[in-house]
Amino acid sequence: MNGSVRIPNDILLLPLSGAELKVYAVLSALNFASGGKYVKISHSAIASHTGVSVSSVRRAVAKMVKRNILGVCRTYSDGKRISDRYRVQAHKCTSKYISLDMNTVFKYSSDKLLTYAGLLMHANAHKTCYISERKLARKIGLSVPTLRKYTKELEREGVIQKHERFYKKTKQTKAHRSFAYVIGRGAEILKCALEVKKTPAVISRISSLMRRAFKKALRFLFSRVLKKEYFSTPPP
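Conventions adopted
- Residues numbered from 1 in each chain as written.
- Predicted model: local features only at pLDDT ≥ 70, side-chain atom pairs only at ≥ 80, totals over all residues.
- Heavy atoms only, no water.
- Helix = DSSP H or I, 4+ residues; strand = E, 2+ residues; numbered from the N terminus.
- Expected span 1.5 Å × (residues − 1).
- Buried < 20%, exposed > 50% of the residue type's maximum accessible area, 1.4 Å probe, protein only.
- Pairing = 2+ DSSP bridges.
- 1 Å grid on protein atoms, 1.4 Å probe; cavity = no way out; pocket = protein on both sides within 12 Å on 5 of 7 lines; lining within 4 Å.
- Points joined across faces, edges and corners; volume = space filled by probe spheres on them.
- Nonpolar A, V, L, I, M, F, W, Y, C, P; charged D, E, K, R; others polar.
- Axes fitted to C-alpha atoms, helices over the stretch in contact; angles between N-to-C directions.
- Parallel < 35°, antiparallel > 145°, perpendicular 65-115°, else oblique.
- Contact = heavy atoms within 4.5 Å.
- Core = buried A, V, L, I, M, F, W, Y, C linked by side-chain atoms within 4.5 Å.

K.L.:
Any details on helix α8 (residues 144-156)? Residues and values, ideally.
P.N.:
It helps to recall that an α-helix has 3.6 residues per turn; residues three or four apart then point in one direction. Helix length check: α8, at 13 residues, gives a terminal C-alpha distance of 18 Å against a target of 18 Å (1.5 Å per residue), a fit within 8%. Every buried residue of α8 is listed here: V144, L147, R148, Y150, T151 and L154. Just past α8, the residue G158 takes up positive phi, approximately 85°.

Listed below in structure tokens is the structure:
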């Protein structure tokens, strides 16, 4: 299955498990292609598109039907139940959407896809996400060690860039540290946008920042180097 699918942020915050997110993405893409109608598809066909087992698909579908995320229409033939028809239920979504590539849905494992979707959900217009590990893990329903495992995999594959953030007034611990996640080529896109948009206001702001940095460097040089050498020199 090719193309991409849009998933509302409100659906991700329910929250969904990784297998449920995969099944939801596939059924949402099929519903969009059919014009919002019920789609007849078997559990084995969904499993072939998502890369998870049939039993996991069956459990995910049952949970989402129970929570009214999916609508189901039972299909019978000669008194026997055959493949059901499914449709993604309409929800009042006041938030934004994230876009997932269907090849990514198939390729990533359930928890890895959930981690990637959580980062996309909290990213700004420049594809940068500022969130702590504990907060992100709590929102998407994963443990902190599991979240660290898959962010490291995404960073190793070049999908995201991970930068540590520290604050002067807050004592940082390993469990509460915060990161800035740059998704895809967000940093390069932001850099190109700043290079193209060199307005007088931007140039004036850059000059002001450079002057401020130069003054700060001079103060540091005097307080830490010159002053120390002056007072440490013995009298003649």
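The structure having been displayed, the exposition proceeds.
K.L.:
Tell me what's going on with the sheet that holds strand β6 (residues 85-88), and back it up with residues and numbers.
P.N.:
Read across the open sheet, the three strands follow the order β2-β6-β3; overall the sheet is antiparallel. The sheet is open, and its two borders are formed by β2 (39-40) and β3 (70-73), each paired with just one other strand. Across two bridges, the pairing between β2 and β6 is antiparallel. Bridging from a neighbouring strand, V39 pairs with Y86 of β6.

K.L.:
I'd like to hear about empty space enclosed by the protein, residue by residue, with values.
P.N.:
On inspection of all chains with the given rule, the structure shows one cavity of 30 Å³ or more. What lines the largest cavity is L12, L114, A117, G118, M121 and I140. Per-element accounting of the lining of the largest cavity gives the leading share, four residues, to helix α6 (residues 110-121). Of the residues in the lining of the largest cavity, the class split is five nonpolar, one polar and no charged.

K.L.:
For the packing of helix α7 (residues 133-140) against α8, give the residues involved together with the corresponding values.
P.N.:
When two helices pack together, their arrangement is given by the angle between the helix axes and the distance between those axes. Across the interface, α7 lies against α8 with an axial gap of 9 Å and an inter-helix angle of 100°. Overall, the two elements α7 and α8 adopt an arrangement that is roughly perpendicular. Only V144, L147 and R148 of α8 make contact with α7, whose side of the interface consists of E133, R134, L136, A137 and I140. By residue class, the composition of the contact of α7 with α8 is five nonpolar, no polar and three charged.

K.L.:
Which residues make up the layout of surface pockets, and what values go with them?
P.N.:
When its volume is computed, the second largest pocket comes out at roughly 230 Å³. Lining of the second largest pocket is provided by N9, K96, Y97, I98, S99, Y116, L120, M121, A123, N124, A125 and K127. Sorting the residues of the lining of the second largest pocket by element identifies β7 (97-101) and α6 as the ones contributing at least two each. Here the lining of the second largest pocket is composed, by residue class, of seven nonpolar, three polar and two charged.

K.L.:
Give me the lowdown on the nonpolar core, citing residues and values where you can.
P.N.:
I7, V23, L27, I98, L100, Y116 and L119 are the most contacted members of the largest nonpolar core, which totals 52 residues. Broken down by element, the residue count for this core peaks at eight residues, all from helix α2 (residues 18-33). Setting aside its immediate chain neighbours within four residues, I98 contacts V5, R6, I7, N9, L12, A117, L120 and M121.

K.L.:
Can you break down the environment of K96 residue by residue, with the values?
P.N.:
Examined against the element boundaries, K96 turns out to sit in the loop between β6 and β7. Overall, K96 belongs to the exposed group, its relative accessible area being 67%. Between the C-alpha atom of K96 and that of I7, which follows or precedes it by 89 residues, the distance is 8.7 Å. In this structure K96 touches I7, P8 and N9, once residues within four positions along its chain are discounted.

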